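For reference, the chains in residue letters:
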Amino acid sequence: MSYIFMFVFFKIICAQLTNCPQEHVRFEKIIGLRPSNDVDGYLLYKRKIYEPVTLECLSKCASNENCFSFVILYNISECYWYNVNIRGLQETENILDPNVVWFEKTCLDTNCSKLWIFERVPGAVLIGNDIVTVPKVMTRNECQQNCLNYTTCRSASFRISNDVNSTNTLGTCTLSEMDRHLMPNSFRAASYEEEYFENQCVQDKTNAFCAYEEYDNVVSTQADIKYYNVTKMQCEKLCDGITSFNCRGYSLIPSASTNHICLIHSGNSKVHGPRLLTSLTGAYFFEKARCLNITVACTETHITLRYWPELPFNGKVYMNGYSENVQCYVKGRGMEEVVLKMPLFRNECGIMKAITINANRTLFSGTMLLQYNPLIQTQGDRVIKIGCIFTNNTKIVLGTGVNFANSSYPNHGTSIINTTTIQPTVEMRIVDFYTKKEVSATQIGQELELTIELHPPDGAYDIWATHLLAMTENGDDSILLIDDQGCATNPAIFPNLVKIYNNETRRLVANFNAFKFTTSSIIRFSIIVQFCPTYCTPPNCATGRDLGTKVRREIMGTMADVKEVNKNQFDNDNVTQMPLEFVLLVRNAKITSNQLVYDDNRKILIAGYDLSTDEICIDFSLTIGIIVTWITIQIILLTCGILMIRKYKNYYRQGKTQSLESLHSNFGMRFANLGNRRVRWADSGSYT
């Protein structure tokens, strides 16, 4: 989609405000507020859910003379326009809604080409550093015009007076040379009689923002532009290059391709707070943060941090987790320089130490907090990673290419950049060969790809890598995969690195099958990355010659030549190598038995047995058959038991009768004698 119309946006505005020339009609962005449901709104534009609609809605309302304002509903990607000016008493019916923004036409005399000139935040105020309070009661429009006319005005506070009539809203206006980005700790919630106006047309003569704060697994809910299939670096450049509005941050959403979906945002968490962000696994939100005048210097025994505040600073600078250790914090004194000097080797301030395998490089790093309030932490405080890398007799200031985990804060903060030198940064990842998604756990035999990428790709440096070592978690077992020449020691296990070199990327790639040690499922990959100007020539591994010394000598010689040509640039940059490490969990392969099938249709009855989980996978019909068979067997067993019991009882009775007859016979008695007997009486000759 083309966004060319942004540059000719104000030439097509046809709306006519009362007593306002056409060329002065501009937009104002109102955050977190919308008109009452009693005010009729009409559908202006809609797209698929989660597709940005900001630019289209602005264009359609600008070309509609009856459109005085419109509201964007980000959750359903729709905008609705209103054909009435909502002023005075009507505003008391407005509804607070953090999920929307309200764009309203206003009349301002300015040459600014931004799509909206002011951002209004109801119920907010910026404390301190006021230029002047305009003595008379005025409208919002007049307050904003006063700020535009005052060349150093960055924001204005508008306090609604009690004298509110039915046609307009009046109040007192105070101008300020600061804004919520310069003084995040002074921007706070207030009553809804207070309103904060931020001038979007202020041009900073210096670099206003020098870093982005990173938030993991979240995205911003309010997007203004969407790009597909871009890298992180491309997305950041798009944000930095936008001129039609002030880009405050960007989100990266994983996609089916190796690149990302890029969302551009004009809002940030300094206004909305955490509610602006929503959870999304694998996504990242990057928010612009202002530059801080901070430097880091290292000696063999101490690391020294210096901070020159732009504004009076009475807060606290300290190392994370050591805010009460006198050696690890320092308090601000207004505009005075803040100096924090900490020992390196006693681990008193949470400064971590990491040493490479060959012990020729040592990293000292820690997390610093710049807290504007001396007692409490606030949203405006800064989290900054600081550190130094020592290599033999040289040292450099840590750049943004080294990441550290930080679970105590919602974002990873920013990193100190040495402004006197241009430091290349590298990143090592292990990804799935087919999906190109980074993996932290795998199983034996899975096809993987190890990638080492240089940032920026169009810089003055190139890279090559040597001494790739795979070891167990505790280092008891290890195997050398790439030797000091940069050649594979056993290509059947791990092949030679392949360089991919063009204007868009500089990286080293090797495809391999996952393996593991018998004593541990965790593998640590450690490699030494070499830097050289312009281009690093890969070694000729086919000849088997010892090229390690030669390559190093060529690199050092080339670096020396460059220093002679441009001495100012490289005097403090003696780094030719950097260690990288990646930890991977490798599980045993899943072992399953053959499938049990039934009839010619090959209906699967038993899918197999999973040895790792001790589970048998069977068909549902087979399960029912087993249950029915078991019940039938139980019934048969029960019937047989009953028949056996009855037979036993009959046998018992017969046996008892036979035993009684035997007893009588033993005493000369028979059961027959117990019956009727014939007796001959003496007085008769007959028997009875």
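Residues numbered from 1 in each chain as written. Predicted model: local features only at pLDDT ≥ 70, side-chain atom pairs only at ≥ 80, totals over all residues. Heavy atoms only, no water.

1. A closer look at the overall build of the protein chain
For step 1, the next point in the chain: Tallying secondary structure elements over the protein chain gives seven helices and 39 strands in all.
For step 2, the next point in the chain: Counting all 688 residues of the protein chain, 45% fall into the buried class.
For step 3, the next point in the chain: For the protein chain, contacts bridging at least 24 residues in sequence account for 67% of all contacts bridging at least 6.
For step 4, the next point in the chain: Here the protein chain displays about 37000 Å² of accessible surface, and carbon together with sulfur accounts for 53% of that area. (Helix = DSSP H or I, 4+ residues; strand = E, 2+ residues; numbered from the N terminus. Buried < 20%, exposed > 50% of the residue type's maximum accessible area, 1.4 Å probe, protein only. Contact = heavy atoms within 4.5 Å. Areas by Shrake-Rupley, 256 points an atom, 1.4 Å probe, with all protein chains shown as cover.)

2. Regarding the state of the cysteines
For step 1, the next point in the chain: Counting across every chain of the model gives 10 disulfides.
For step 2, the next point in the chain: Here C57 pairs with C79 through a disulfide, and the sulfurs are 2.0 Å apart. Disulfide C57 to C79: torsion about the S-S bond roughly -95°, handedness left-handed. Here C57, found in helix α1 (residues 54-62), pairs with C79, found in strand β4 (residues 78-82); they are 22 residues apart in sequence, far enough to count as distant. One exposure class covers both C57 and C79, and it is buried.
For step 3, the next point in the chain: In this model C112 forms its disulfide with C201; the gap between the sulfur atoms is 2.0 Å. Between C112 and C201, the S-S dihedral sits near -90°, and the bridge is therefore left-handed. Within this pair, whereas C112 is found in the loop between β5 (95-107) and β6 (118-122), its partner C201 is found in the loop between β12 (194-199) and β13 (209-220), the two being separated by 89 residues in sequence. (Disulfide = S-S within 2.5 Å.)

3. What to know about the environment of R47
For step 1, the next point in the chain: Checked against the element boundaries, R47 lands in the loop between β2 (42-46) and α1.
For step 2, the next point in the chain: Given the relative accessible area of 27%, R47 is considered partly exposed.
For step 3, the next point in the chain: Sequence spacing of R47 and C79 is 32 residues, and the spatial spacing of their C-alpha atoms is 9.5 Å.
For step 4, the next point in the chain: A distance of 2.8 Å separates a polar atom in the side chain of R47 from the backbone oxygen of P52. (Polar contact = N/O pair within 3.5 Å; in protein donor to acceptor, adjacent residues only side chain to side chain.)

4. Digging into unusual backbone geometry
For step 1, the next point in the chain: One non-glycine residue with positive phi stands out, namely S77, at about 55°.
For step 2, the next point in the chain: Using a relative accessible area of 2% as the deciding quantity, one classes S77 as buried.
For step 3, the next point in the chain: Even without being a glycine, N229 presents a positive backbone phi close to 55°.
For step 4, the next point in the chain: Using a relative accessible area of 46% as the deciding quantity, one classes N229 as partly exposed.

5. Brief notes about the sheet that holds strand β30 (residues 447-455)
Adjacent strands of a sheet pair through backbone hydrogen bonds, lying either parallel or antiparallel.
For step 1, the next point in the chain: The four strands are arranged β28-β30-β34-β33 in an open sheet whose pairing can be described as antiparallel. In the strand order of this sheet, the two ends are held by β28 (425-432) and β33 (498-501), each with one partner. Along the sheet, successive strands turn relative to each other by an average axial angle of 20°, direction set aside.
For step 2, the next point in the chain: Note: β30 against strand β34 (residues 506-513), seven bridges, orientation antiparallel. The partner of L448 across the bridge, within β34, is F512. (Pairing = 2+ DSSP bridges. Axes fitted to C-alpha atoms, helices over the stretch in contact; angles between N-to-C directions.)

6. Quick notes on the pattern of salt bridges
For step 1, the next point in the chain: A full pass over the atoms with the stated rule returns 21 salt bridges.
For step 2, the next point in the chain: One salt bridge in this structure joins K226 and E51, with 3.0 Å as the shortest N-O distance. Here E51 lies in the loop between β2 and α1 and K226 lies in strand β14 (residues 225-230), a separation of 175 residues in the sequence. Both residues of the pair, K226 and E51, count as buried.
For step 3, the next point in the chain: The shortest N-O distance in the salt bridge between R248 and E198 comes to 3.0 Å. Pair noted here: R248 is in the loop between α3 (232-241) and β15 (249-254) and E198 is in strand β12, with a separation of 50 residues, a long-range link. (Salt bridge = Lys/Arg side-chain N within 4 Å of Asp/Glu carboxyl O.)

7. Considerations on the sheet that holds strand β22 (residues 338-343)
For step 1, the next point in the chain: Spatially, three strands are ordered β18-β19-β22 in an open sheet, and the strand pairing comes out antiparallel. In the strand order of this sheet, the two ends are held by β18 (294-298) and β22, each with one partner. With direction set aside, neighbouring strand axes in the sheet form an average angle of 15°.
For step 2, the next point in the chain: In this sheet, β22 lies alongside strand β19 (residues 302-307) in antiparallel orientation, the contact comprising six bridges. Its bridge partner lying in β22, Y307 is registered against V338.

8. Focus: the side chain of D224
For step 1, the next point in the chain: By the secondary structure assignment, D224 is in the loop between β13 and β14.
For step 2, the next point in the chain: Buried and unpaired, D224 has K29 as its nearest opposite-charge partner, separated by 5.0 Å.
For step 3, the next point in the chain: At a separation of 2.8 Å, a polar atom in the side chain of D224 contacts the side chain of S266.
For step 4, the next point in the chain: Setting aside residues no more than four positions away along its own chain, D224 makes contact with P52, T54, L55, Y74, F245, I264, H265 and S266. (Lys, Arg positive; Asp, Glu negative; His and termini not counted.)

9. A closer look at the side chain of S255
For step 1, the next point in the chain: As for its placement among the helices and strands, S255 is situated in the loop between β15 and β16 (260-265).
For step 2, the next point in the chain: Look at S255 and you get buried, because its relative accessible area is 19%.
For step 3, the next point in the chain: A distance of 2.9 Å separates a polar side-chain atom of S255 from the backbone oxygen of N259.
For step 4, the next point in the chain: Residues within four places of S255 in sequence aside, it is in contact with H260, I261 and K437.

10. With respect to the environment of Y42
For step 1, the next point in the chain: Within the secondary structure, Y42 is located in strand β2.
For step 2, the next point in the chain: Owing to a relative accessible area of 37%, Y42 belongs among the partly exposed residues under this scheme.
For step 3, the next point in the chain: On a C-alpha basis, the gap between Y42 and Y80 in space is 5.0 Å, while along the polypeptide they are 38 residues apart.
For step 4, the next point in the chain: When residues no more than four places from it in sequence are discounted, the contact partners of Y42 are C79, Y80, W81 and N83.

11. With respect to the pairing of strand β31 (residues 461-471)
For step 1, the next point in the chain: With 10 of 11 residues buried, β31 is to be regarded as a mostly interior element.
For step 2, the next point in the chain: Note that β31 and strand β32 (residues 478-482) share four bridges and pair antiparallel. Within β32, the position partnered with M471 by the bridge is S478.
For step 3, the next point in the chain: Between the end of β31 and the start of β32, which pair antiparallel, lie six residues, with G475 showing a positive phi angle near 80°.

12. Focus: a nonpolar patch on the surface
For step 1, the next point in the chain: A cluster of nonpolar residues, F620, I624, I627, V628, W630, I631 and I635, forms a patch on the protein surface that exposes about 740 Å² of accessible area.
For step 2, the next point in the chain: Positionally, I627 belongs in helix α7 (residues 620-666).
For step 3, the next point in the chain: The class for I627 is partly exposed, based on a relative accessible area of 43%. (Patch = residues over 30% accessible without salt bridge, like charges linked within 9 Å, V, L, I, M, F, W, Y side chains within 5 Å.)

13. Some details on the confidence of the model for the protein chain
For step 1, the next point in the chain: Scored by pLDDT, the protein chain has a mean of 76; 72% of the residues are at 70 or more.
For step 2, the next point in the chain: When pLDDT is averaged over each element of the protein chain, strand β3 (residues 69-73) comes out on top at 95 and helix α6 (residues 567-570) at the bottom at 29.
For step 3, the next point in the chain: In the predicted structure, residues 417-422 sits below a pLDDT of 50 and forms 11 contacts with residues beyond four places in sequence or in another chain.
For step 4, the next point in the chain: Scored below 50 in pLDDT, residues 669-675 shows seven contacts in the model against residues more than four places distant or in partner chains. (pLDDT = per-residue confidence, 0-100.)

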